[in-house]
Amino acid sequence: MIRVTVLGSGTSHGVPAIGCDCDVCRSTDPRDKRTRPSILIEIVPAPEAPAHMTTRLASAVRAILIDTSTDLRTQALANNVRRIDAILFTHTHADHVFGIDDVRRFNQMQKAAIPCFADPGTLASLHRMFTYIFEPPKQVGGGLPQLSNFPIAGAFSLGGVEIVPIPLFHGVLPVLGFRLGSFAYLTDCNRIPDQSFALLDGVKTLIIDALRRRPHPTHFSVGEAAAVAARLGVERAYFTHISHDLGHAATTAALPAGVELAYDGLVIEVAE
Ligand SMILES: [Zn+2]
Ligand SMILES: [Zn+2]
Ligand SMILES: [Zn+2]
């Protein structure tokens, strides 16, 4: 079983937006408080697994973070995240990477570098954006994140679970979504190539970008995301990367059965 925790369900500005007095930004519904987009995936060994299997999984990867959002520290505290065994990066827009320094705390607690997986373009971009991490200065005050980088060149396995990278388009920018078993996380996209639809065949639980109702040049709208969920025939779809245009309760009430807005702290359990 994998357990998915939505650490952040908001768009790059977060909700509430600074200085905004709209109904959603002023809402008292906690589901309308959205930090920047990220999820945590925990691999939970089946209780009936043989003892040697449980031990093997326990000693290997069991907590996978997708993106180091601007709000990583806040999210880790809010969700009591105490361990990260691997990080997968979708792309390097600021809302997805600017919490990277908060990885230091996990390095301290785990006394190890954390493996990071991204496509070669994203790794090169991370290197350019964070030269202080990858070309460290001679004197380091508060410490540096310890990351070991692995370029993604196809499906790979972590903690006994296959991870299938899903090529997507975020406007003109190629980005990655990720599939684990019957679950897929497709943030920051507004086009899915046919070959990637084939990779998503059989997905039952989907988290997908749905910024707002109106079309956007780089993000799916609510209608477009719902159409993707329908085309894939998923059982459950959760929308993420949500702007302040969408109030949780009213928007979810108007969505088809099995489709709802994600929210910060949402936990989804998925059978493998
Ligand atoms: Zn984003
Ligand atoms: Zn607002
Ligand atoms: Zn983006």
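Look up a bit, the structure's there.
This is a predicted model, so every value here is computed, not measured.

A.B. asks: Explanation requested: the overall build of the protein chain in the structure shown.
C.D. replies: If you tally the helices and strands in the protein chain, you get nine helices and 14 strands. Taken along the three principal axes of its C-alpha coordinates, the protein chain extends 50 × 45 × 35 Å. Out of the 272 residues belonging to the protein chain, those deemed buried represent 41%.

A.B. asks: Just checking my understanding: could you explain the sheet that holds strand S3 (residues 63-66) for this structure?
C.D. replies: Strand pairing in a sheet relies on backbone hydrogen bonds. The paired strands run either parallel or antiparallel. Ordered in space as S6-S5-S4-S3-S2-S1-S14, the seven strands form an open sheet in which the pairing is mixed. Strands at the two margins of the open sheet, each flanked by one partner only, are strand S6 (147-151) and strand S14 (267-270). Taken over all neighbouring pairs, the strand axes of this sheet differ in orientation by 25° on average, direction set aside. Judged from the four bridges that link them, strand S1 (residues 2-8) and S14 form a sheet pairing that is antiparallel. If you follow Arg3 over to S14, its bridge partner there is Glu269.

A.B. asks: Please explain the sheet that holds strand S8 (residues 161-170) as it appears in this structure.
C.D. replies: Spatially, seven strands are ordered S7-S8-S9-S10-S11-S12-S13 in an open sheet, and the strand pairing comes out mixed. The open sheet has two free edges, formed respectively by strand S7 (156-158) and strand S13 (259-261), since each of these has just one partner strand. Between one strand axis and the next, the sheet turns through 25° on average, direction left out of account. Of the strand pairs in this sheet, S7 and S8 are connected by three bridges, and their pairing is antiparallel. Across the sheet, the residue bridging to Leu158 is Val161, located in S8. Here helix H8 (residues 222-232) sits on the sheet in contact with strand S11 (205-209), strand S12 (236-240) and S13, set at roughly 155° to S11.

A.B. asks: Any chance you could explain the nonpolar core here in plain terms?
C.D. replies: Looking at soluble globular proteins, one finds that nonpolar side chains tend to be buried together. Ranked by internal contacts, the top residues of the largest apolar core, which has 63 residues, are Ile39, Phe178, Leu186, Leu206, Ile208 and Phe239. Setting aside anything within four residues of it in sequence, one finds Ile208 in contact with Leu186, Phe220, Ala225, Val228, Ala229, Ala237, Phe239 and Thr240.

A.B. asks: Sorry if this is basic, but what is going on with the environment of Ile64 here?
C.D. replies: Among the secondary structure elements, Ile64 is positioned in strand S3. In sequence terms Ile64 and Ala257 are 193 residues apart; their C-alpha atoms lie 29 Å from each other. Excluding its chain neighbours within four sequence positions, the residues that come into contact with Ile64 are Ile41, Asp85, Ala86, Leu88 and Leu158.

A.B. asks: Sorry if this is basic, but what is going on with H8 here?
C.D. replies: The α-helix advances 3.6 residues per turn, and as a result positions three or four apart in sequence lie on the same side. Taken as a whole, H8 has its buried residues at Val222, Ala225, Val228 and Ala229. Down the axis of H8, the buried set is contained in an arc of 125°. They therefore lie on one face. Away from the buried face of H8 by more than 90 degrees, exposed residues Gly223, Ala227 and Arg231 are located. Where H8 is buried, its residues meet S11, S12 and S13. Just downstream of H8, Gly233 is the residue with a positive phi angle, here 65°.

A.B. asks: Looking at this structure, how should I read unusual backbone geometry?
C.D. replies: Note the cis peptide between Val15 and Pro16, where omega equals 0°. By the element assignment, Pro16 lies in the loop between S1 and strand S2 (38-43). The backbone of Asp67 sits at a positive phi, close to 70°, despite the residue not being glycine. Relative to the assigned elements, Asp67 resides in the loop between S3 and helix H2 (72-78). Residue classification places Asp67 among the buried residues on the basis of 29 C-beta atoms within 10 Å. Backbone geometry at Asp188 places phi at a positive 50°, although glycine is not the residue there.

A.B. asks: Looking at this structure, how should I read the environment of Ala210?
C.D. replies: You can see Ala210 is positioned in the loop between S11 and H8. Classification of Ala210 by C-beta neighbours within 10 Å gives buried; the count is 30.

A.B. asks: Sorry, what's going on with the environment of Ala153 here?
C.D. replies: By the element assignment, Ala153 lies in the loop between S6 and S7. Once the C-alpha coordinates of Ala153 and Pro120 are considered, the two residues, 33 residues apart in sequence, prove to be 8.2 Å apart.

A.B. asks: What exactly am I supposed to notice about the pairing of S2 here?
C.D. replies: Working note: regular strand, side chains alternate between the two faces of the sheet. In terms of residue burial, S2 counts as a mostly covered element, since five of its six residues are buried. Across six bridges, the pairing between S1 and S2 is antiparallel. Each residue of the ladder has a partner; that of Arg3, found in S2, is Glu42.

How each quantity is defined
Residues numbered from 1 in each chain as written. Chains lettered and ligands numbered in written order. Predicted model: local features only at pLDDT ≥ 70, side-chain atom pairs only at ≥ 80, totals over all residues. Helix = DSSP H or I, 4+ residues; strand = E, 2+ residues; numbered from the N terminus. Buried ≥ 20, exposed ≤ 12 C-beta atoms within 10 Å, placed from the backbone. Pairing = 2+ DSSP bridges. Axes fitted to C-alpha atoms, helices over the stretch in contact; angles between N-to-C directions. Contact = placed C-beta atoms within 7 Å. Core = buried A, V, L, I, M, F, W, Y, C linked by C-beta atoms within 7 Å. Arc of directions from axis to C-beta.

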